[in-house]
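# Structure at a glance
Here's the letter readout for the chains.
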Amino acid sequence: NGRDATSGDSLVYALQMKVGDTLPGAWCKTCNTNSEGTTVGLMEFTRRKVESLDTLNLGCGKVPAYRISAVQLMTSKVNSKYSGKREEKDYVTFTEWFSPSLGIVKSQDKSPHSISVIAMESYHDK
């Protein structure tokens, strides 16, 4: 019995990118409301840069992909009847690997608290 709303823009990946290119930033805002309270979150991607062309050894084989680094700032404001009001900010080093033929094949979020890695394991040609 709540409401969720999300707005933002898109991360841009140039099909003709080269090492050294800078890419435009992006943002996403979410608002979640339920009987316990409201959470408003803002995610901002800045300083996006093509760092190198790597060859990744993934579950689906060797894939050449551009390594893109960025800074991700995540801000959340919570107003909960259980925990009260609080605001949190977290800077995350965001790295992703982009293949022009496959899209994002791997991503990594690294914060002071954790590291999260997602990688493509397989795909199907049509």
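For clarity, every value in this text was computed on a predicted model and none was experimentally measured.

Calculation rules
Residues numbered from 1 in each chain as written. Predicted model: local features only at pLDDT ≥ 70, side-chain atom pairs only at ≥ 80, totals over all residues. Heavy atoms only, no water. Helix = DSSP H or I, 4+ residues; strand = E, 2+ residues; numbered from the N terminus. Contact = heavy atoms within 4.5 Å. Pairing = 2+ DSSP bridges. Core = buried A, V, L, I, M, F, W, Y, C linked by side-chain atoms within 4.5 Å. Buried < 20%, exposed > 50% of the residue type's maximum accessible area, 1.4 Å probe, protein only. Salt bridge = Lys/Arg side-chain N within 4 Å of Asp/Glu carboxyl O.

## Focus on the side chain of Thr95
- You can see Thr95 is positioned in strand 6 (residues 84-99).
- Setting aside its immediate chain neighbours within four residues, Thr95 contacts Arg67, Ile68, Ser69, Lys106, Ser107 and Gln108.

## Structural notes on the pairing of strand 7 (residues 103-110)
- Here strand 6 runs beside strand 7; their pairing, made up of seven bridges, is antiparallel. Bridging from a neighbouring strand, Ser99 pairs with Gly103 of strand 7.
- Sheet topology places strand 7 next to strand 8 (residues 115-119); five bridges connect them, and they run antiparallel. By the bridge assignment, Lys110 is partnered in strand 8 with Ile115.
- The hairpin turn running from strand 7 into strand 8, its antiparallel successor, is four residues long.

## Comments concerning the environment of Lys110
- Following the sequence through the fold, Lys110 ends up in strand 7.
- For the pair Lys110 and Val71, spaced 39 residues apart in sequence, the C-alpha to C-alpha distance is 9.9 Å.

## Notes on the nonpolar core
- Grouped together as the largest cluster of nonpolar side chains are seven residues: Leu56, Leu58, Val63, Ala65, Trp97, Val105 and Met120.
- In this structure Leu58 touches Val63, Val105, Ala119 and Met120, once residues within four positions along its chain are discounted.
- Met17, Leu23, Tyr66 and Phe98 belong to the second largest nonpolar core, which has six residues in total.

## Digging into the pattern of salt bridges
- Per the counting criterion, the structure on display carries four salt bridges.
- Between Lys18 and Asp21 there is a salt bridge; the shortest N-O distance is 3.1 Å.
- You can call Asp21 buried: its relative accessible area is 18%.
- One salt bridge connects Glu88 with Arg86, and the closest N-O pair in it is separated by 3.1 Å.

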